[in-house]
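Examining the three-dimensional arrangement
As a plain string of letters, each chain reads:
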Amino acid sequence: MTVTTRAELVAEGQRKALHEAAVRTAPASTPLLGSGLLDRPQKLIDLTRPLYEGMPMWFGHQKTFTPTNQDHEGFKLLHQTEIGFYARNLIISEHAGTHTDATIEYDPAGLPIEKLALEMYYGSAVCLDMSEAQWSDPDPDCRGWATEDVVRRAEAKLEAAGESIRPGDIVLAWFDYGDRHFPTPQYINHNPGFSWDGLEYLANKGIVNIGTDCSAIDNSADDKFSGHMVCKKYGLVNTEHLANLGQLVNKRFQFYGLPLFITGGTGSPIRAVAILD
């Protein structure tokens, strides 16, 4: 016996409605207008993790809920219409899933998300191979910390590939961790991350945004939140919970991780992408 879930019924209903609408409004021989324009000359890599109920969340933030506001049949019954509309509510933290931070999150004198320059969230970027720093517990030798020495070795790999870190860059750090452990408890509870000197080394190069494939830029054993405190000192923003960074290691690309226009926002979920020529 096959059990059909509500989600499957909804998805099937949407497919059926779209098909019926297409049949009513256009001859079968008419192609989708603009479909040829979907062939883009650049390669786009999606760097975003999904938002869903039960997703991994840091204990200090709101859990994610997506209750149904209305479904097609309920809408028609309630409003006595022939056409129904389906919509859900989003109950999420400003720091849910792939997100970026405003400086006010970690600096009382910082700025909310809508007052920070959008240029901090998009532009030319490079991705460093930080896989040398791997989480372990216990870790007496601090091998899960991205220290200045670790960052310098990653920078050397980037330079061997013909690239370098430039002032104004967005720097993404691939620890080879997130994609291997998402969405397990280990992903949200433990991760490698930057030490103070490691991130300060990058800050002094004039970067504006530091991203990671982990749930945080700090090592999860760091109760001083060194990565965030360097961001506070230098006015940097940071981007967390990125996916697919392994495809960008030692490359230069255009990064887009634009926040929502949230008044007073301490951060924002984003749809992060990289564009390679």
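Going by the structure above, here's the rest.
Not measured: the values here are computed from a predicted model.

**Digging into helix H3 (residues 148-160)**
- For H3, spanning 13 residues, the distance from its first C-alpha to its last is 18 Å, which sits close to the expected 18 Å at 1.5 Å a residue.
- Buried within H3 we find Val150, Val151, Ala154, Glu155 and Leu158. One side of H3 holds all its buried residues, which, seen down the axis, span an arc of 135°.
- In this structure, the buried side of H3 is in contact with strand E5 (122-129), strand E6 (145-146), strand E8 (193-194) and helix H6 (196-203).

**A short note on helix H7 (residues 226-234)**
- Taken together, the buried positions of H7 are Ser226, Gly227, His228, Val230 and Cys231.
- Those residues of H7 that are buried are in contact with strand E4 (99-101), E8, H6, strand E9 (209-212) and strand E10 (237-240).
- Looking one or two residues past H7, Gly235 carries a phi angle of roughly 70°, positive in sign.

**Structural notes on unusual backbone geometry**
- Cis peptide bonds are those with omega within 30 degrees of zero, and the linkage from Asp137 to Pro138 qualifies with 5°.
- For Pro138, the location among the structural elements is in the loop between E5 and E6.
- With an omega dihedral of 5°, the bond running from Phe182 to Pro183 counts as a cis peptide bond.
- Structurally, Pro183 can be placed in the loop between helix H4 (178-181) and helix H5 (185-189).
- With a phi angle near 60°, Asn244 is a residue other than glycine that sits in the positive phi range.
- By the element assignment, Asn244 lies in the loop between E10 and strand E11 (252-256).

**A look at the environment of Tyr121**
- Looking at the secondary structure, you find Tyr121 in the loop between E4 and E5.
- For Tyr121, a relative accessible area of 0% gives the class buried.
- Tyr121 sits 134 residues away from Phe255 along the chain, and the two C-alpha atoms are 7.8 Å apart.
- There is a polar contact of 3.3 Å between the side chain of Tyr121 and the backbone oxygen of Asp101.

**Considerations on the packing of H6 against H7**
- Running from N to C, H6 and H7 cross one another at 30°; their axes reach a closest spacing of 8 Å. The interaxial crossing formed by H6 with H7 has right-handed handedness. Packed against H6, whose contacting residues are Trp196, Leu199, Glu200 and Ala203, the element H7 presents Ser226, Gly227, Met229, Val230, Cys231, Lys233 and Tyr234 at the interface.
- Counted by class, the contact of H6 with H7 contains seven nonpolar, two polar and two charged residues.

Rules behind the numbers
- Residues numbered from 1 in each chain as written.
- Predicted model: local features only at pLDDT ≥ 70, side-chain atom pairs only at ≥ 80, totals over all residues.
- Heavy atoms only, no water.
- Helix = DSSP H or I, 4+ residues; strand = E, 2+ residues; numbered from the N terminus.
- Expected span 1.5 Å × (residues − 1).
- Buried < 20%, exposed > 50% of the residue type's maximum accessible area, 1.4 Å probe, protein only.
- Arc of directions from axis to C-beta.
- Contact = heavy atoms within 4.5 Å.
- Polar contact = N/O pair within 3.5 Å; in protein donor to acceptor, adjacent residues only side chain to side chain.
- Axes fitted to C-alpha atoms, helices over the stretch in contact; angles between N-to-C directions.
- Left-handed = near helix turned anticlockwise from the far one by under 90°.
- Nonpolar A, V, L, I, M, F, W, Y, C, P; charged D, E, K, R; others polar.

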